[in-house]
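# Report on the structure
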Amino acid sequence: MQPQTPASGTTRQPRQPRIFYGWYLVAGSILTNTVLSAAYFQGMSAFAVSIEAHFGWSRSVVGGAMSMRQMESGITSPLDGILLDKVKPRTLLFWSAIITGIGMIGLGLVNGILTFYLAIFVISIGTSGMSHAVTWPVLIARWFRRNLGTATGWAVMGPIFGSPFVILNTSLEETYGWRTIIIAYGVIVLLFLTLISAVARERPEPYGMRPDGDPPERDDRGAAIRTIPPARGMNARSAMRTREFWLFMGYLSGMFMVNSAFQVHQIFYFVEDTGLTKSEAAVTFTLVFLLSGIGRLGAGYMLDKADYRLLLAVVAGMLTASMLYLQFVTATTILLAMPFVALFGIGFGSVIPTRGTLGSMMFGTRSLGSIVGMLQGGSVAAGVVGPIFMARVFDITGDYRAAIWALAFIGALMIPTALAMGSPRRLSARVRLVERQASAAARDSERRG
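This text gives an overview of the structure that appears in the document.

About the cut-offs
- Residues numbered from 1 in each chain as written.
- Predicted model: local features only at pLDDT ≥ 70, side-chain atom pairs only at ≥ 80, totals over all residues.
- Heavy atoms only, no water.
- Core = buried A, V, L, I, M, F, W, Y, C linked by side-chain atoms within 4.5 Å.
- Buried < 20%, exposed > 50% of the residue type's maximum accessible area, 1.4 Å probe, protein only.
- Helix = DSSP H or I, 4+ residues; strand = E, 2+ residues; numbered from the N terminus.
- Contact = heavy atoms within 4.5 Å.
- Polar contact = N/O pair within 3.5 Å; in protein donor to acceptor, adjacent residues only side chain to side chain.
- Phe/Tyr/Trp six-rings, centres within 6.5 Å; stacked < 30°, edge-to-face > 60°.
- Salt bridge = Lys/Arg side-chain N within 4 Å of Asp/Glu carboxyl O.

What follows concerns the nonpolar core. If you look at the biggest cluster of nonpolar residues, it comprises 63 residues, and the most contacted ones within it are Phe248, Tyr251, Phe262, Phe270, Met323, Leu326 and Phe340. Sorting elements by how many residues they give to this core places helix α12 (residues 243-274) first, with 14 residues. Ignoring any residue separated from it by four or fewer positions in sequence, one finds Phe248 in contact with Leu312, Thr354, Arg355, Leu358, Gly359, Met362, Leu375 and Met421. Core analysis: the next-biggest nonpolar cluster, separate from the first, contains 31 residues, Val26, Leu148, Leu193 and Leu368 among them.

Written as structure tokens, this is what we have:
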């Protein structure tokens, strides 16, 4: 019996790749944010001490620059989101890497306060467009649906891998000087991160793929259909009219206020209020950050498996419990501080993968860049207020107890906020309804045309 051959006029179906391309985007996010964390986000803490000592500046000069970095991120994130809905992610990532690299080289050449602030300003614009706050989560949301939480959880792990480089930065500074190391990081960003930007592909369909690596739809000849499907979900204006947008904005803002307020003052608190040494307090800070990796991965996985409202409520409960623990237990040793470290670290990390994942779930991907940008802007603004509030309370009362009670109250308030959001089923039905309405409007327009 002769083996059958494909019928005339048919196309042999190409084999699906063993590794879905979306995971290369996840790897791109990890590598990008590892470099940015080593060079700037966490790495800047090592450089700031050397820069301050070199010029003889007051602590407020460097602190002001860091505050400006936070505020600038809150302003530029919505703009990055709008750009992401209008230009190719590859373009945004490429030019963000160019701007960041130039800014890093400029930082290594500063000769005074004005040039120092200008360099920080330029770097912050660049990093805002290429960090895992907006760009990478939105891009990944276009490539994943069922596994979106897991993919995003991995995509935001860059800072966990980049944080150990802070120790390396300190050692390298002693040998080569802070200017040389910062300029070297600028060159790495220019050469390496611009290459990583080439990995970014906007959507899977033009490449004969579907989200999550599902087999592509095929035409009568068996060829993969490469047409981009109609935009899925709401535009930004419609999303802002929903209850979930403002509840989620409030939740993120509250959680970031608690996180940023205590993280900025964490070492001061353990040294001044509990009697730990400065090095012991620094250990608690490092452990919080490392344990946040468990939260990032765990929350990402659970977003794919469980009702997101319960997850958000549990995370808010963890941060609340961490604050209450400090009020009732005086952590005079690292061992006594560990329950706080675990609750706060895992809770803090769990919030990070939620923006892009839940933004896609609640509103679809049609204008996800703009939506996530606005959510990020609101949370960053609250994150700027938190440390200032905690410092002001300390100045008035002489300790942190009143401020920690306030943070515990804010965390507790986020539990009913999370539970008040719509069910996953209702949100999915709303996105599908918007899609059907958009399709019907498009068909009517074609008939009238």
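Time to look at the side chain of Arg142. Secondary-structure assignment places Arg142 in the loop between α6 (135-141) and α7 (148-155). A polar side-chain atom of Arg142 sits 3.4 Å from the main-chain carbonyl oxygen of Leu84. Apart from residues no more than four positions distant in its own chain, Arg142 is found in contact with Leu84, Asp85, Pro89, Glu202, Arg203, Pro204 and Pro211.

The next subject is the packing of aromatic side chains. Summed over all chains, the structure comprises 24 aromatic pairs. An angle of 50° between the planes, with centres 5.2 Å apart, marks the rings of Trp57 and Phe116 as tilted. Taken together, the positions of Trp57 in the loop between α2 (44-55) and α3 (59-86) and Phe116 in helix α5 (residues 113-128) put the pair 59 residues apart, joining distant regions of the chain. Classification of Trp57 as buried rests on a relative accessible area of 13%. For Phe116, a relative accessible area of 0% puts it in the buried group.

Right, let's get into unusual backbone geometry. For Asp212, which is not glycine, the phi dihedral falls at a positive 70°. By the element assignment, Asp212 lies in the loop between α10 (178-197) and α11 (236-240).

Next up on the list: the pattern of salt bridges. All told, the structure shown has seven salt bridges when counted by the stated rule. For the salt bridge of Asp214 with Arg146, the shortest nitrogen-to-oxygen distance reads 2.9 Å. Of the two residues, Asp214 sits in the loop between α10 and α11 while Arg146 sits in the loop between α6 and α7, which places them 68 residues apart along the sequence. Its relative accessible area of 21% is what places Asp214 among the partly exposed residues. Note that Arg430 is salt-bridged to Glu244, the shortest N-O span being 3.0 Å. Taken together, the positions of Arg430 in helix α19 (residues 424-448) and Glu244 in helix α12 put the pair 186 residues apart, joining distant regions of the chain. For Arg430, a relative accessible area of 17% puts it in the buried group. Assessed through its relative accessible area of 1%, Glu244 is described here as buried. Counted as one network, the salt bridges with shared partners bring together Arg243, Glu244, Arg426 and Arg430.

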